[in-house]
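The chain contents come next:
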Amino acid sequence: MRLLLGMMIVITTSCTEIFKTELLPIKDCAGDSDICSYTDSIQPIFDMYCTRCHGNQGRLDAGLDLTSRFALMSGSVKGQVIVESDSENSILWQRISNESNPMPPVDNPMIHENYINMIAKWIHAGAIDN
Ligand code: HEC
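The rules we used
Residues numbered from 1 in each chain as written. Predicted model: local features only at pLDDT ≥ 70, side-chain atom pairs only at ≥ 80, totals over all residues. Helix = DSSP H or I, 4+ residues; strand = E, 2+ residues; numbered from the N terminus. Buried ≥ 20, exposed ≤ 12 C-beta atoms within 10 Å, placed from the backbone. Core = buried A, V, L, I, M, F, W, Y, C linked by C-beta atoms within 7 Å. Near = placed C-beta within 6 Å. Nonpolar A, V, L, I, M, F, W, Y, C, P; charged D, E, K, R; others polar. Axes fitted to C-alpha atoms, helices over the stretch in contact; angles between N-to-C directions. Parallel < 35°, antiparallel > 145°, perpendicular 65-115°, else oblique. Left-handed = near helix turned anticlockwise from the far one by under 90°. Contact = placed C-beta atoms within 7 Å.

Glancing now at the overall build of the protein. Of the regular secondary structure elements, the protein holds 4 helices and 0 strands. Counted from the first residue to the last, the protein has its helices and strands arranged as α-α-α-α. Residue burial in the protein is summarised as follows: out of 130 residues, 21% are buried.

The next subject is unusual backbone geometry. Backbone torsion omega between M103 and P104 reads -5°, so that peptide bond is classified as cis. Inspection of the secondary structure puts P104 in the loop between α3 (91–96) and α4 (113–124). Positive phi outside glycine occurs at Q57, with the angle close to 50°. Mapped onto the elements of the fold, Q57 is located in the loop between α1 (38–49) and α2 (69–73).

What follows concerns the nonpolar core. The biggest cluster of nonpolar side chains holds 21 residues, and the ones touching the most others in it are I45, I119 and W122. Among the secondary structure elements, those contributing two or more residues to this core are α1, α3 and α4. Sort the elements by how many residues they give to this core and α4 lands first, with 5 residues.

Neighbouring residues of the ligand: 20 residues in total, closest C50, C53, D61, S76 and M103. Residue contributions to the shell around the ligand peak at 4 residues, all from α3. Here the residues of the shell around the ligand are counted per class, giving 13 nonpolar, 3 polar and 4 charged.

Below, the discussion takes up the packing of α1 against α4. As a packed pair, α1 and α4 sit with axes 10 Å apart at the nearest point and diverge in direction by 130°. Taken together, α1 and α4 sit at an angle that is classed as oblique. Crossing handedness for the pair α1 and α4: left-handed. In this structure, α1 contributes Y38, S41, I42 and I45 to the contact, and α4 contributes Y115, M118, I119 and W122. Partitioning the contact of α1 with α4 into residue classes produces 7 nonpolar, 1 polar and no charged.

This part is about the environment of Q80. Inspection of the secondary structure assignment puts Q80 in the loop between α2 and α3. For Q80, a count of 15 C-beta atoms within 10 Å gives the class partly exposed. A C-alpha to C-alpha distance of 9.0 Å links Q80 and L92, two positions 12 residues apart in sequence.

Written as structure tokens, this is what we have:
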């Protein structure tokens with residue numbers, strides 16, 4: 001017969017990870033020779049400025065979902081918001097660069113000019129899934 005004395009199990013439960021939602025860093029691609037990657041540069045811009053109204057938490061303003069390129073390319077309730085290779089005629093670019101009818105709407109954090117240029121570059125290069 002053996003006696004096991006002093007045996008103790010300590011269970012530590014870590015809850016620190018549960019509520020962590022970190023935004024991905026936005027990769028700068030504004031330089032002349034840079035190519036803008038949708039995954040590294042464009043989606044993170046939408047995640048920072050747009051998806052809380054367009055796709056996240058059950059909210060889909062104007063029927064426009066900006067949580068993925070696939071959803072973006074399927075447009076809003078009114079139709080397409082991106083014209084491939086033509087930012088001037090893309091409703092999305094028209095709205096983010098329009099001071100009188102802006103996106104994000106007034107009283108929301110304004111999108112940085114550098115990011116507006118990066119989105120224009122990505123559209124000009126064909127709005128591809130890169
Ligand atoms: C505070 C909520 C909110 C945020 C943040 C927001 N939007 Fe919107 N967005 C709306 C609402 C509401 C509408 C519909 C009314 C309108 O067109 O002004 C809309 C409409 C749009 C439209 C027009 C769709 C169409 O077919 O006419 C585009 C494009 C758009 N948003 C893009 C964006 C982008 C890109 C961002 C981020 C840079 C953004 N929005 C951030 C609320 C928001």
